[in-house]
Amino acid sequence: MQDLNDSKLTDAGLPLARPSGKVLLIACGALAREILDLKAANGWSHLDLTCLPAKFHLHPEKITQAVRDTVAKHRTDYDKIFIVYADCGTGGQLQAACDALGVEMIAGPHCYSFFEGNDRFATHLDTEITAFYLTDFLVRQFEAFVVKPMGLDRHPELRDMYFGNYEKLVYQAQTDDPELTQKARDCAALLGLDFERRFTGYGDLSKALGKL
């Protein structure tokens, strides 16, 4: 059983278990639970998963090379490799690397978009430029991804400097979890933002994996 401790997914990612499938998914650690849930629910035994540290989202310049290295490490063991990262702040570099490597990646600018569905997300992009998004994983790891990196635990007075131009926090819920919803509501209150819960489920992630 692969270890889904959120702190480990943030700092170390998810190592590959014993190779058994034909397709390797190289994903962000923030997507591990969702991918494994989809795999179990759909009987996708042909899919294996390894994840890079979720904290790379705080340092997107590290993502592209880490993906290159992981593809090189496992290429000979699989018929196909699929990258479960959207652009994620790489400025097109990840797509260019995937093209050069001959591997596919999930479409979209970031996970907020593909969780909601890229087409749907695009329809309200212009009206939500003041929205701050969280997923299930980011709600659970709010302190590690928002509070501590921004220094809000040490200097709460910085909140308005960081979030003064935002109006609402949109919690994109992948699951129905009342405790997680309450924590997301608390996150919004801490940031001084209005709160909206938007159930997305797995969105385009499910569709993309279902085609493999």
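Everything below is about the structure shown above.
Scoring rules and cut-offs
- Just so you know, the residues in each chain are numbered from 1, in the order the chain's sequence is written.
- Per-residue local features are limited, in this predicted model, to residues with pLDDT of at least 70; the limit for side-chain atom pairs, both in listing and counting, is 80 or more; totals at the level of whole chains, interfaces and linings are taken over all residues.
- For the side-chain quantities, the full set of heavy atoms in the structure was used; hydrogens and water were omitted.
- Each pair of aromatic rings taken from Phe, Tyr and Trp, with Trp reduced to its six-membered ring, is defined by centres within 6.5 Å and is described as stacked if the planes are under 30 degrees apart, edge-to-face if over 60, and tilted in the remaining cases.
- Each helix is a run of DSSP H or I of at least 4 residues and each strand a run of E of at least 2, with the numbering of both proceeding from the N terminus.
- Exposure is judged per residue with a 1.4 Å probe applied to protein chains only, and the accessible area is read against the type maximum: over 50% gives exposed, under 20% gives buried, and values in between give partly exposed.
- Contacts are residue-level and defined by heavy atoms, with any inter-residue pair within 4.5 Å sufficient.

## Remarks on the packing of aromatic side chains
Here is step 1 of the chain: Using the criterion set out here, one finds seven aromatic pairs in the structure.
Here is step 2 of the chain: Between Phe132 and Tyr166 the ring centres are 5.6 Å apart and the planes differ by 80 degrees, which places this aromatic pair in the edge-to-face class. In this pair, Phe132 sits in strand 5 (residues 131-134) while Tyr166 sits in the loop between helix 9 (159-163) and strand 6 (168-173), placing the two residues 34 residues apart along the sequence.
Here is step 3 of the chain: With a centroid separation of 5.6 Å and 45 degrees between ring planes, the pair formed by Phe163 and Tyr166 is classed as tilted.
Here is step 4 of the chain: Taking relative accessible area as the criterion, Phe163 reaches 3% and is therefore assigned buried.

## Things to note about the environment of Asp79
Here is step 1 of the chain: With respect to the element layout, Asp79 can be found in the loop between helix 3 (63-74) and strand 3 (80-84).
Here is step 2 of the chain: Along the chain, Asp79 and Leu25 lie 54 residues apart, while their C-alpha atoms are 11 Å from each other.

## Considerations on the environment of Val146
Here is step 1 of the chain: Following the sequence through the fold, Val146 ends up in helix 8 (residues 142-147).
Here is step 2 of the chain: Using a relative accessible area of 6% as the deciding quantity, one classes Val146 as buried.
Here is step 3 of the chain: On a C-alpha basis, the gap between Val146 and His74 in space is 33 Å, while along the polypeptide they are 72 residues apart.
Here is step 4 of the chain: Among residues more than four places away in sequence, those in contact with Val146 are Phe132 and Phe163.

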